[in-house]
Amino acid sequence: MLASSVLFFILPILLSPLLSYGVQFPFNVSYNIDCGGSTNSVDQFNRTWLSDRFYTGGSTGLVSEPLHFHPLQEKTLRFFPLSSGKKNCYVVDLPNGRYYVRTFTVYDNYDGKSHSPSFDLSVEGTLVFSWRSPWPEDISQHGAYSDLFVYVNDGEADVCFYGIATDSPVIGSLEIVQIDASSYDSATIGTNHMLVNYGRFSCGSDQWGPGFTNDTDFFGRSWQSDVEFRAKNSNIKLLSTSKTIVNTSQSPNYFPMRLYQSAVTVTGNGALEYELQVDAKLDYLLWFHFAEIDASVNAAGKRVFDVVINGNNVTRIDVYKRVGGFASDNWHYVVKNLSDTVLTVKLAPFVGAPILSGLENYALVPADLSTVPDQVMAMRALKESLRVPDRMGWNGDPCAPANWDAWEGVTCHPNKEETALVVSQIDLGSQGLKGFISDQIGHLSNLVSLNLSSNFLEGTLPSGLGQKSLARLDLSNNQLSGSIPESLASSSLQLVLLNDNLLEGRVPDELFSVGVHGGSIDDNDHCLGKYSQGGGSQHKASIPIELILSRNKALCGVSPLPSCPLFWDHGSLSAGGKVAIGLACSFIFCVLLLVIYICCIRRGNNDYDFGLPQDLMSLAAKRNKYQRQKSLMLLEMESQHAKGFPSTLNLQSESS
C-alpha cells in the first residue's frame, strides 16, 4: 500500500477580507489544489491553483481530450495505482473549524483502458462518495463536481481514496474553504454530521458560482440550474431582476445576492414540483430560498403557498409577510428515515402562484468514529521508525473508515465507550522492514497482538512494550539488541517469541513463566504450529524456553540458559553487584577511619615525630650546629694541651 502519500506542503491562499457588496467575510483559509498539475497557475476568474508536484504518492495523468476542458485544473489528474497502496490521502493542516470541500473527478480514458475505476472517497475518516464502474458516459468524459460541509477538530483535513480490487482512484482537483461554523443550523443539527450535497440549484438561471462565473459565493458553492430537477408537468414562468436584494451575504450562511435575483413561478393554478434523487435510509436537510421579486406582489396575502414534501404538507409560506419585497428569505426542513430513492418537493398554491429562488438538498451523514489522537500520533511515529513501505497504504487515520482495511496489517475496534477507535493488532511479519521500534508504541494502550517477525529491525526493545493489554508478542528473526525490558514482565503476555536476535542480559523470571505455562497458540502461526498438540484450531501447549529466546547474543538467568554473571545484569551492574560495591566501599571507609584514629593517638605520645616538615628541618639544623661547636672546643683543648697551656676546663675546675 502507501506510506508517504501525505500532502503537507500546501500554503493557504488568503481570501480578500473585503469582497463585493462591501461585506466582510471573517474567514481567510482557502486551498485550491490542482491534482496532477506541474506548476502553480491562475484561472480565468483570478483564482490561484497550487500544484501538488511535491506529493510523493501516486502518478500524474492527462485527460485524453484536453480541448474539451477549459480550466487547466480539469485537464490534469492524479491517479493511484495498486503499487502506491490501497489507501492514499491528502492531509492538509488547517485550523479547527467548519469547511466546504469540493472535488472534481474525471476519467476521460486517460489511461487508454476504457475502464472507469471503482473506488471510495472519505473525508475526515467518513465514507462520503463511492464511484463504481462503469460510470455514466457523460460523467466519465466530462467529469463531475462533488461537495460537502465538514467539521475539522484535529488540526488537519483528511481526504482519502481507497481502491477497489485493482482499480486506480483518480482526482482532478481539490478545494477546501473555511466557512462559518454556525451555518446551516448547526446548533440544531449538531457537529457530528456532514452535509453531503445531493442537489443545489438556482431557479431561473444557468449554472453559476466559483469556477464557473465571476459571481461571488463566500463559501465557494456553485449553483446548478433547476431545469433538470423540475417535474415535467410544471408550467414554468421565469422571473428576474437587477434590483438590489436586501439581507443577502449575511452571517452565518452568506447566501449571495445573485441567488435571489432570479426565480421561477407557475402560470395558472398549477403547483411547482421537483424530484430529487437520493439514497434511502438517510436523513436529508432541505434548504429553501425565497425572494418576492415581482413588483405586483406588494402586500401580505397576495402570494401564499404550501410546502408539501413526500406528500406531507409541512408548512405554509407568505414571503411578503415574512420579509417584504426584494428581500431574501429562507426556510429549512429535515426529512427523516427515507425509504425511497426519490424525494419529492411540491409548492402548492393557496393564494396566487408559488415562487422559488433556490433549493439545496443535503444528506445528513453521521461522522464515523476516528482513532484516538494519541494512537494516531503513535502509529505515525511507528510508520516512520519501521520505514513502512508505500505499498502498505499507511496514510490518514489508521483505523477509519471502519469499513475499510485502512492500514494494511492493522486491526482496530471501538473503545469501551464506543466514542473512538483503538488499535488492537499489528501484523507486519516478513515485510522487509529495516527500521526500529519507536518508543511511542507505548501509547497503543489497547494493543493485544504485535507481530514484527522476520524483518531487519535494529535497536533495543522499548519499555513501552509492557502494555497491560499485550498478550502476543512476536519479534523473532530480527537484529534487535540490548536487554529485555522489565516492563514486559508486568504485561499480560501469553506468548512471546524473541528468538534469533542479538539480545543479551538477564531474562525476567515472570517472562520465563510464559514459556512454562504456555498460551493460546493458533495452528496458523508460521513458527508455532508444529508445537501444538491435537486437532482443532486452537490448543494449549507448553513452549520450551529455547523456542522463545533461542539464538540470541547472550541471554541468561533461566534454565536452560546459562547463569548470569554475579555482578552483571541487563548490560549493567546487577542489584547484587551494586550491593557488593556498596559493602566494599563501606569496608574501605572503615579501614581508613581506623588508620587515621591510630595515627592521631601516636601523635599525642610523640609530638616531634609528627611535626610538620618545616619544624623537623629546624630541629635538625640546631642539632648539627651543636655538634659543630662541640668538635671545635675539643680541637681547641687538644691544641692548648700540646703547647703547655692549661685547659680552660681545668682552670675552671681549680678555681672552683
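Our structure is the block above this text.
Small disclaimer: the values here were computed from a predicted structure and weren't measured. (Residues numbered from 1 in each chain as written. Predicted model: local features only at pLDDT ≥ 70, side-chain atom pairs only at ≥ 80, totals over all residues. Heavy atoms only, no water.)

### Things to note about the sheet that holds strand E24 (residues 355-356)
In a beta sheet, neighbouring strands pair by backbone hydrogen bonds and run either parallel or antiparallel. Taking strand neighbours across the sheet as the criterion, the 3 strands line up as E16-E17-E24 in an open arrangement whose pairing is antiparallel. The strands lining the two open edges of the sheet, one partner per strand, are strand E16 (236-240) and E24. As paired strands, E16 and strand E17 (residues 262-266) are joined by 5 bridges and run antiparallel to one another. When the sheet's bridge partners are listed, Ser240 is paired in E17 with Ser262. (Pairing = 2+ DSSP bridges. Helix = DSSP H or I, 4+ residues; strand = E, 2+ residues; numbered from the N terminus.)

### Some words on the pattern of salt bridges
Applying the stated criterion across every chain, the model contains 17 salt bridges. For Asp52, the salt bridge identified is with Arg78, shortest N-O distance 2.7 Å. Taken together, the positions of Asp52 in the loop between strand E3 (48-51) and strand E4 (59-62) and Arg78 in strand E5 (residues 76-79) put the pair 26 residues apart, joining distant regions of the chain. Assigned by exposure class, Asp52 and Arg78 land together as buried. Between Arg200 and Asp147 there is a salt bridge whose closest N-O contact spans 2.7 Å. Of the two residues, Arg200 sits in strand E14 (residues 193-202) while Asp147 sits in strand E10 (residues 144-152), which places them 53 residues apart along the sequence. (Salt bridge = Lys/Arg side-chain N within 4 Å of Asp/Glu carboxyl O. Buried < 20%, exposed > 50% of the residue type's maximum accessible area, 1.4 Å probe, protein only.)

### Some remarks on the state of the cysteines
Counting across every chain of the model gives 2 disulfides. Across a sulfur-sulfur distance of 2.1 Å, Cys89 and Cys160 are joined as a disulfide pair. Taking the sign of the S-S torsion, about 110 degrees here, the bridge from Cys89 to Cys160 comes out right-handed. A residue pair is termed long-range when its members are at least 10 positions apart, and Cys89 in strand E6 (residues 87-93) and Cys160 in strand E11 (residues 156-163) qualify at 71 residues. Since its relative accessible area comes to 0%, Cys89 is described here as buried. Judged by its relative accessible area of 2%, Cys160 is buried. (Disulfide = S-S within 2.5 Å.)

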